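Here are the chains, one letter per residue:
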Amino acid sequence: MSKTSNATGLTDAQRNAVAELMRVSPIADELGRRFTKAGYELHLVGGSVRDALLGRLGDDLDFTTDARPDDILRVLEGWAETTWETGREFGTIGAQRHGLRLEITTFRSDAYDGVTRNPVVQYGDNLLDDLRRRDFTVNAMAVSLPEHRFTDPYGGLDDLAARRLRTPGTPQESFGDDPLRMLRAARFAAQLRFAVDPDVVAAMGAMAADLGRITVERIRDEFTKLLCGADPVTGLRLLVDTGLADRFLPELPGLKLAIDEHAQHKDVYEHTLTVVSNAVRLESGEGPDFILRMAALMHDVGKPATKAVGPDNRVSFHHHEVVGARMTKLRMKELRYPKDVTSDVVKLVALHLRFYGYGRGEWTDSAVRRYVTDAGDLLSRLHKLTRSDCTTRNRRKAAQLSSDYDALETRIAQIQEAEDLARVRPDLDGNAIMELLGVPPGPIVGRAWRHLKEVRLERGPLDRDEAEAELLRWARDEGVI
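With that settled, consider the overall build of the protein. In terms of regular secondary structure, the protein is built from 23 helices and twelve strands. For the protein, buried positions account for 51% of its 481 residues. Long-range contacts, defined as pairs at least 24 residues apart, comprise 66% of the intrachain contacts of the protein with a sequence gap of at least 6. Accessible surface for the protein amounts to roughly 22,800 Å². Of this, 48% is attributable to carbon and sulfur atoms.

Turning to the layout of surface pockets, a few remarks are in order. One way to see where empty space is left: roll a probe the size of a water molecule over the atoms. The space that makes up the largest pocket amounts to roughly 1,400 Å³. Lining the largest pocket are 41 residues, and of these Asp62, Glu103, Arg133, Arg134 and Arg184 sit closest to its centre. Elements with a minimum of two residues in the lining of the largest pocket: α3 (47-53), β3 (60-65), β5 (92-97), β6 (100-106), α8 (180-192) and α10 (216-227). Per-element tally for the lining of the largest pocket: the top contributor is α8, with five residues. A per-class count over the lining of the largest pocket returns ten nonpolar, ten polar and 21 charged.

Right, let's get into the packing of α8 against helix α11 (residues 232-241). Here α8 crosses α11 at 155 degrees, and the two axes come no closer than 7 Å. On the basis of the axis angle, α8 is roughly antiparallel to α11. Helix-helix and strand crossings are classified by hand; for α8 and α11 the assignment is right-handed. Between α8 and α11, the contacting residues are Leu183, Ala185, Ala186, Ala189 and Ala190 on the first element and Pro232, Thr234, Gly235, Leu238 and Leu239 on the second.

Within the structure shown, the criterion is met by 35 salt bridges. Linking Asp135 and Arg184 is a salt bridge whose minimum nitrogen-to-oxygen distance equals 2.6 Å. Of this pair, Asp135 sits in the loop between α5 (127-132) and β7 (142-144) while Arg184 sits in helix α8, and the two are 49 residues apart along the sequence. Judged by relative accessible area, Asp135 falls into the buried class, the value being 7%. By relative accessible area, Arg184 is classed as partly exposed at 21%. Each of Asp135, Arg184, Arg187 and Glu222 takes part in one network of salt bridges that share partners.

As a further point, take the pairing of β3. Taken together, the three bridges between strand β2 (residues 42-45) and β3 define a ladder with antiparallel strand orientation. Bridging across to β3, Leu42 finds its partner in Thr65. The pairing of β3 with β6 spans six bridges and is classified as parallel. Paired with Thr64 across the strands is Thr105, a residue of β6.

All told, the structure shown has four aromatic pairs when counted by the stated rule. With a centroid separation of 5.9 Å and 90 degrees between ring planes, the pair formed by Phe136 and Phe188 is classed as edge-to-face. Here Phe188 lies in helix α8 and Phe136 lies in the loop between α5 and β7, a separation of 52 residues in the sequence. The burial state of Phe136 is the same as that of Phe188; both residues are buried. Relative to Tyr337, the ring of Phe290 lies with its centre 5.2 Å away and its plane at 25 degrees, an arrangement referred to as stacked. Residue Phe290 is found in helix α14 (residues 290-298), and its partner Tyr337 is found in the loop between α16 (320-334) and α17 (339-351); the two are separated by 47 residues along the sequence. One Lys or Arg, Arg187, reaches over the ring of Phe188 and ends 4.8 Å from the middle of that ring. A cation over a ring is seen here: Lys256 above Tyr269, with NZ or CZ 4.8 Å from the ring centre.

The next point concerns unusual backbone geometry. Here Leu145 and Pro146 are connected by a cis peptide whose omega angle stands at 10 degrees. Among the structural elements, Pro146 can be located in the loop between β7 and β8 (150-151). For His98, which is not a glycine, the phi torsion comes out positive at approximately 50 degrees. Its place among the elements puts His98 in the loop between β5 and β6. For His98, a relative accessible area of 53% corresponds to the exposed category.

Moving on, we come to the environment of Thr328. Mapping Thr328 onto the fold places it in helix α16. Considering only alpha carbons, one finds Thr328 and Ala295, 33 residues apart in sequence, at a separation of 8.7 Å. Setting aside its immediate chain neighbours within four residues, Thr328 contacts Met298, Val301, Val345, Val346 and Val349.

To continue, consider the side chain of Ser144. Within the fold, Ser144 resides in strand β7. When near neighbours in sequence (up to four residues on either side) are disregarded, Ser144 contacts Leu42, His43 and Arg149.

Remark: helix α21 (residues 430-437) packs on helix α23 (residues 464-477), axes separated minimally by 11 Å, with the N-to-C direction vectors making an angle of 60 degrees. Considering the angle they form, α21 stands oblique to α23. The two elements α21 and α23 meet at a crossing, and its hand is right-handed. Touching Ala432, Ile433, Leu436 and Leu437 of α21 are Arg464, Glu468, Leu471, Leu472, Trp474 and Ala475, all from α23. Considering only residue class, the contact of α21 with α23 consists of eight nonpolar, no polar and two charged.

We now examine α14. The buried count for α14 comes to nine of nine residues, which makes it a mostly enclosed element. Buried residues of α14: Phe290, Ile291, Leu292, Arg293, Met294, Ala295, Ala296, Leu297 and Met298, and no others. Its buried side turned inward, α14 meets α10, α11, α13 (268-282), α16, α17 and α19 (379-388).

Reading the values: rules and limits
Residues numbered from 1 in each chain as written. Predicted model: local features only at pLDDT ≥ 70, side-chain atom pairs only at ≥ 80, totals over all residues. Heavy atoms only, no water. Helix = DSSP H or I, 4+ residues; strand = E, 2+ residues; numbered from the N terminus. Buried < 20%, exposed > 50% of the residue type's maximum accessible area, 1.4 Å probe, protein only. Contact = heavy atoms within 4.5 Å. Areas by Shrake-Rupley, 256 points an atom, 1.4 Å probe, with all protein chains shown as cover. 1 Å grid on protein atoms, 1.4 Å probe; cavity = no way out; pocket = protein on both sides within 12 Å on 5 of 7 lines; lining within 4 Å. Points joined across faces, edges and corners; volume = space filled by probe spheres on them. Nonpolar A, V, L, I, M, F, W, Y, C, P; charged D, E, K, R; others polar. Axes fitted to C-alpha atoms, helices over the stretch in contact; angles between N-to-C directions. Parallel < 35°, antiparallel > 145°, perpendicular 65-115°, else oblique. Left-handed = near helix turned anticlockwise from the far one by under 90°. Salt bridge = Lys/Arg side-chain N within 4 Å of Asp/Glu carboxyl O. Pairing = 2+ DSSP bridges. Phe/Tyr/Trp six-rings, centres within 6.5 Å; stacked < 30°, edge-to-face > 60°. Lys NZ or Arg CZ within 6 Å of the ring centre and 35° of its normal.

Structure (structure tokens):
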């Protein structure tokens, strides 16, 4: 049912939205008057209206209009501080004014052709048709400018109040237009904690294969937003339950190991989701940490390939961290994540088991130095991942693991204070090595440097005489002198 209101007949939620809009209205209304004077409509639309109703409107505003891109540019001329046309092929012109980023898009009625990975852009001529082509009802509301008329033809306000995700038309129609919307449904479930309508979930399962029409980059970006949501586990479950994860992250449903009749072990899939939740709780106040969350998600993906049952019917997963690191690297490469991001996640997966055994008193100072050095600038994340990985329901065991890790962190701090572990270097630099050995720059210097670093990790800091003696001993053994 269509709902169109003016300022005198607003619901409380709509009044809240208008109040939220007051922060940006000097700019938005001014822009609206320019479009009206030029003979065009202008509406705040989509996520901007949704977020205004939720009281979380940001500085990026989305508008729609019946003006074409050239007309939009003429209206903006002399008013916008800057404009850009990177989205012009989709009917979008960008502009900035007084710290606000504005994206203004011509009414659209485009859809995917069912074969290619890009939409066929078709301009529309009215607001209602433009709203119908949007992904979900909560994103299919508009506020006219400068009048502030509220338009809600598909019940988005009621769905927002119920925290429910539905599509303006049928889910099949919406996902057929753009299959990425299936991932967006899971992402909104994670970001906004919305429940996805059963009909939408059913369509996601039935149409999961259509995700193959979407580029890897778009899938990656949606998944990243999902994992960085307030409740990523809800979104992840939805991906697995609908079969969407099979299309781009098969390692996740692959964690659902069959539990042997006699060799019982924890449910690795449920354990992984718990680790992700734990990691979210341990994050600092600087916002979502994708690298930590992705490492938590992937830390046990090597278990299915390494599962073995011993003579005593005990299940083992020897070297699953090594296999998992390799699998993680391949998957993130396929999803085209940046190399530095992939490298950090892979390193955390590879190191996540290193701590176990510390509580048995087997770690020397050398082992602690190597732990810190190998982790490098990922040490704080490794601390969080290791703590997150403790999901045992045995309170005594959980308390012991926590105590052991407290002890390790204390020991690291003590050694760091004495030795500055963050910058472990050999006790002699390259110039000193060349001078003492009488050699020019080259492979010998590199080999000597690496040997002295190993000695530094094993024995701690050496004084100058000890370091020189060790270098000369190594050089004689290696036939360098």
